[in-house]
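# Reading the structure
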Amino acid sequence: MRCFICEQPATDVPETQGGRLVNCSDCGWYKISGTALHLMQVHVRVFNVPRSRDWLDLQRTNGIAQPLIQGDTNLWD
Ligand SMILES: [Zn+2]
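Cut-offs and rules
- Residues numbered from 1 in each chain as written.
- Predicted model: local features only at pLDDT ≥ 70, side-chain atom pairs only at ≥ 80, totals over all residues.
- Helix = DSSP H or I, 4+ residues; strand = E, 2+ residues; numbered from the N terminus.
- Buried ≥ 20, exposed ≤ 12 C-beta atoms within 10 Å, placed from the backbone.
- Contact = placed C-beta atoms within 7 Å.
- Expected span 1.5 Å × (residues − 1).
- Core = buried A, V, L, I, M, F, W, Y, C linked by C-beta atoms within 7 Å.
- Pairing = 2+ DSSP bridges.
- pLDDT = per-residue confidence, 0-100.

### A word on the overall build of the protein
Within the protein one finds two helices and four strands. In the protein, the order of α-helices and β-strands from amino to carboxyl end is β-β-β-α-α-β. On the principal axes, the C-alpha backbone points of the protein span a range of 30 × 25 × 20 Å. Across the 77 residues that make up the protein, the buried fraction comes to 22%. The contacts in the protein between residues at least 6 apart in sequence include a share of 46% that link residues at least 24 apart.

### Topic: helix H2 (residues 49–61)
Compared with an ideal rise of 1.5 Å per residue, which puts 13 residues at 18 Å, H2 spans 18 Å between its outermost C-alpha atoms and is within 8% of the ideal. A positive phi of about 95° marks Gly-63, the residue just after H2.

### Overview of the nonpolar core
Counting 13 residues, the largest nonpolar core has Cys-3 and Val-22 as the members making the most contacts within it. Secondary structure elements with two or more residues in this core: strand E2 (20–24) and strand E3 (28–32). In contact with Val-22, not counting residues within four places along its chain, are Cys-3, Phe-4, Ala-10, Asp-12, Tyr-30 and Ile-32.

### Points about the sheet that holds strand E4 (residues 68–69)
Read from one edge to the other, the open sheet built from four strands follows the order E1-E2-E3-E4, with strand pairing classed as mixed. The outermost strands of the open sheet, each flanked by one partner alone, are strand E1 (10–14) and E4. Here two bridges tie E3 to E4, and the two strands are oriented parallel to one another. Looking at the pairing, Lys-31 lines up with Leu-68 of E4.

### Re the confidence of the model for the protein
When pLDDT is averaged along the protein, the result is 95; 100% of the residues meet or exceed 70. Looking over the protein, one finds the lowest element-wise mean pLDDT in helix H1 (residues 34–43), namely 92, and the highest in E2, namely 98.

### Some points on the environment of Thr-16
Structurally, Thr-16 can be placed in the loop between E1 and E2. Spatially, the C-alpha atoms of Thr-16 and Val-46 are 22 Å apart, while their sequence positions differ by 30 residues.

Here's what the structure looks like:
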C-alpha cells in the first residue's frame, strides 16, 4: 500500500473498525481510524504532510508510539 499521509510505499495492518496501522519509512508508525479513511475517500481530503509529521512527532514526544489519526484531527490540507 501507500502511506495515507505522504503516498510513499508503506506497509499496513488492519485494525478494528476499519482502521489501519501503518508503517511508513518517512512518517513512522501511526494508526488511522476507519472514520478518517472514510472522510479521505468521500471528501477526497489529503493530508498536509509537514503538519501531519509534526503532529506525529509531538505525539511520540508525549509517549504515544503509534499515534491515532482520527476523523476530527486537523491535519487535512
Ligand atoms: Zn508516509
